[in-house]
Amino acid sequence: MRASLLQIQVDPHESVDSRRERVASLVRDQAGADLVVLPELWTVGAFAFERFATEAEEADPATGPTALAMSAAARDAGVWLHAGSVVEKGHEAGALYNTSLVFSPSGELVATYRKIHRFGFDRGEATLLAAGTTPVTVPHPQATLGLATCYDLRFPELFRALVDAEPEGARVLVVPAGWPAKRAGHWTLFARTRAVENQCFVLACGTAGSHAGVAQAGRSAIIDPWGEILAQSEDNAETVVTADLDVSQVDKVRETFPVLKDRVL
Ligand SMILES: NC(=O)CCC(=O)C(=O)O
């Protein structure tokens, strides 16, 4: 499985419309990849809280501009696309969610995931957005994907639920983020830890640059089920991080070092 992570620069001086067009074109450049991944809230910026309500959109490609643009880009490139997340206008009056969108190569929206753990404690996302409740896996033809978003990375029980999901548990954990530079060490540490403890690949895709005054970590990474980093961006510049995943490695690691079978609780 060839995976490409697009570490997008979220520059507050660029309009959301212009960034959407630019990102769609970057996705089209990835024809030949088996899975393309975008970061969390790359349209508005994960920390641009004051713009969440005005930039909120529907997750449906028939009505939401990001969903429509990403559906078309996935179809044109012929790739599976985890399009990162948008601030989603829920159907319930006034409810907003941080919602990830996954498209098939035909441009069909095959999965949405509403971020379960909202960041900010008593501020920001935690007060402005509603929480998702349901872990989501996606049947990519090469390996089942497990979805999580940014702050979710700190909650190992979500990843265990993804690995134990029926009918098939996750083998590739996909984590779009807008992770701040000041906690960059945690980002890489948790991404590698989730890979090792769940014996999965982890695709950790962050944003580049700085938005709403919060410098971003970047350092997007592709990590194998042994915790080794197959590819990683050096810094927080806009870039593409690509690696070829041998998905059979998940079974090999689980057979030769079967810690998941030793779980008691
Ligand atoms: N957007 C986020 O979820 C930020 C998470 C974060 O900054 C952290 O966990 O640290």
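The present account deals with the structure reproduced in this document. Values in this document were obtained by computation on a predicted structure and should not be read as measured data.

## With respect to the overall build of the protein chain
In terms of regular secondary structure, the protein chain is built from seven helices and 14 strands. For the protein chain, the C-alpha radius of gyration of 17 Å lies close to 18 Å, the compact-globule estimate for 265 residues. Its C-alpha atoms put the protein chain at 50 × 40 × 35 Å along the principal axes. By the burial criterion, 57% of the 265 residues in the protein chain qualify as buried. Excluding contacts between residues fewer than 6 apart, the proportion of contacts in the protein chain whose partners are at least 24 apart in sequence is 67%. Carbon and sulfur atoms make up 52% of the accessible area of the protein chain, which amounts to about 10900 Å² in all. Distance between charge centres in the protein chain, computed from 24 positive and 34 negative side chains, equals 4 Å.

## Some remarks on empty space enclosed by the protein
For the structure on display, the rule yields one cavity of 30 Å³ or more. Within this model, the largest cavity holds a volume of roughly 130 Å³. Taken together, 14 residues make up the lining of the largest cavity; nearest its centre are Phe47, Phe119, Cys150, Tyr151 and Gly178. Split by residue class, the lining of the largest cavity holds eight nonpolar, one polar and five charged.

## Quick look at the sheet that holds strand 1 (residues 2–7)
On the basis of which strands lie adjacent, the open sheet formed by six strands has the order 5-4-3-2-1-14 and mixed pairing. Only two strands of the sheet have a single neighbouring strand rather than two, namely strand 5 (109–114) and strand 14 (239–244). Ignoring strand direction, the axes of neighbouring strands in this sheet form an average angle of 25 degrees. Bridge count for strand 4 (residues 96–103) against strand 5 is five bridges, and the pairing is antiparallel. Within the sheet, the bridge partner assigned to threonine 99 lies in strand 5 and is arginine 114.

## A few points about the pattern of salt bridges
Counted by the stated rule, this structure contains 16 salt bridges. One salt bridge connects arginine 20 with aspartate 17, and the closest N-O pair in it is separated by 2.8 Å. Residue arginine 20 and its partner aspartate 17 are located together in helix 1 (residues 16–28), separated by three residues, close to a single helical turn. For aspartate 17, a relative accessible area of 52% translates into the label exposed. The partner of arginine 28 in a salt bridge is aspartate 76, and the shortest N-O contact between them spans 2.8 Å. A residue pair is termed long-range when its members are at least 10 positions apart, and arginine 28 in helix 1 and aspartate 76 in helix 3 (residues 65–77) qualify at 48 residues. Looking at arginine 28, the relative accessible area reads 35%, which means it is partly exposed.

Quick notes on the rules
- Residues numbered from 1 in each chain as written.
- Predicted model: local features only at pLDDT ≥ 70, side-chain atom pairs only at ≥ 80, totals over all residues.
- Heavy atoms only, no water.
- Helix = DSSP H or I, 4+ residues; strand = E, 2+ residues; numbered from the N terminus.
- Rg over C-alpha atoms; globule rule 2.2 N^0.38 Å.
- Buried < 20%, exposed > 50% of the residue type's maximum accessible area, 1.4 Å probe, protein only.
- Contact = heavy atoms within 4.5 Å.
- Areas by Shrake-Rupley, 256 points an atom, 1.4 Å probe, with all protein chains shown as cover.
- Lys, Arg positive; Asp, Glu negative; His and termini not counted.
- Charge placed at Lys NZ, Arg CZ, Asp CG, Glu CD.
- 1 Å grid on protein atoms, 1.4 Å probe; cavity = no way out; pocket = protein on both sides within 12 Å on 5 of 7 lines; lining within 4 Å.
- Points joined across faces, edges and corners; volume = space filled by probe spheres on them.
- Nonpolar A, V, L, I, M, F, W, Y, C, P; charged D, E, K, R; others polar.
- Pairing = 2+ DSSP bridges.
- Axes fitted to C-alpha atoms, helices over the stretch in contact; angles between N-to-C directions.
- Salt bridge = Lys/Arg side-chain N within 4 Å of Asp/Glu carboxyl O.

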